[in-house]
Amino acid sequence: MKNPVKRTPEGMAGAKKLYGYHCAMCHGKNGDGKGDLAADMKLELKDWRDPNSLAKMTDGELFYIITNGRGENGRR
């Protein structure tokens, strides 16, 4: 699956807002994988700031993970 949505400043602002609400608590404010909840749960999450963390993933895989979560404990 290829991303059908073109990147725009408005879209990026919306994505940043959603990330802050739903992802930052585990993945960290800047995507380093060191959010407060991840630390409390002793989770080791990838550092999404590193391009190698995403290099082998397709847009479709990323969409699925963002939408449905990953791992046995739900969203990660």
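Residues numbered from 1 in each chain as written. Predicted model: local features only at pLDDT ≥ 70, side-chain atom pairs only at ≥ 80, totals over all residues. Heavy atoms only, no water.

Draft legend 1. Geometry of the overall build of the protein chain. From N to C terminus, the protein chain includes 5 helices and 0 strands. Secondary structure of the protein chain in N-to-C order comes out as α-α-α-α-α. Sequence separation of at least 24 residues holds for 15% of the intrachain contacts in the protein chain that already meet a minimum separation of 6. (Helix = DSSP H or I, 4+ residues; strand = E, 2+ residues; numbered from the N terminus. Contact = heavy atoms within 4.5 Å.)

Draft legend 2. Just a nonpolar patch on the surface, in detail. On the surface, a nonpolar cluster with roughly 260 Å² of combined accessible area is contributed by Met25, Leu37 and Met41. Along the polypeptide, Met25 turns up in helix 2 (residues 24-27). Since its relative accessible area comes to 41%, Met25 is described here as partly exposed. (Patch = residues over 30% accessible without salt bridge, like charges linked within 9 Å, V, L, I, M, F, W, Y side chains within 5 Å. Areas by Shrake-Rupley, 256 points an atom, 1.4 Å probe, with all protein chains shown as cover. Salt bridge = Lys/Arg side-chain N within 4 Å of Asp/Glu carboxyl O. Buried < 20%, exposed > 50% of the residue type's maximum accessible area, 1.4 Å probe, protein only.)

Draft legend 3. Up close: the pattern of salt bridges. One pass over the full model with this rule turns up 1 salt bridge. Here Arg49 makes a salt bridge to Asp47, at a shortest N to O gap of 2.8 Å.

Draft legend 4. Geometry of the environment of Asn30. Inspection of the secondary structure puts Asn30 in the loop between helix 2 and helix 3 (36-40). Look at Asn30 and you get exposed, because its relative accessible area is 57%. Linking Asn30 and Trp48, residues 18 residues apart in sequence, is a C-alpha distance of 8.4 Å.

Draft legend 5. Molecular detail of unusual backbone geometry. Here the phi dihedral of Lys42 falls at roughly 55°; this positive angle occurs in a residue that is not glycine. Following the sequence through the fold, Lys42 ends up in the loop between helix 3 and helix 4 (51-54). Assessed through its relative accessible area of 72%, Lys42 is described here as exposed.

Draft legend 6. Examining the side chain of Ser53 more closely. Note on placement: Ser53 falls in helix 4. On the basis of relative accessible area, Ser53 is assigned to the buried category, the value being 14%. The residues touching Ser53, leaving out its near neighbours within four places in the chain, are Lys46, Asp47 and Trp48.

Draft legend 7. View of the confidence of the model for the protein chain. Confidence in the prediction of the protein chain, expressed as mean pLDDT, is 86, and 89% of residues score 70 or more. Here helix 5 (residues 59-68) is the element of the protein chain with the lowest mean pLDDT, 85, and helix 3 is the one with the highest, 93. (pLDDT = per-residue confidence, 0-100.)

Draft legend 8. Molecular detail of the state of the cysteines. For the structure on display, the rule yields 0 disulfides. Between Cys23, a free cysteine, and Cys26, which holds the nearest cysteine sulfur, the sulfur-to-sulfur gap is 8.8 Å. Under the relative-accessibility criterion, Cys26 is labelled buried at 12%. (Disulfide = S-S within 2.5 Å.)

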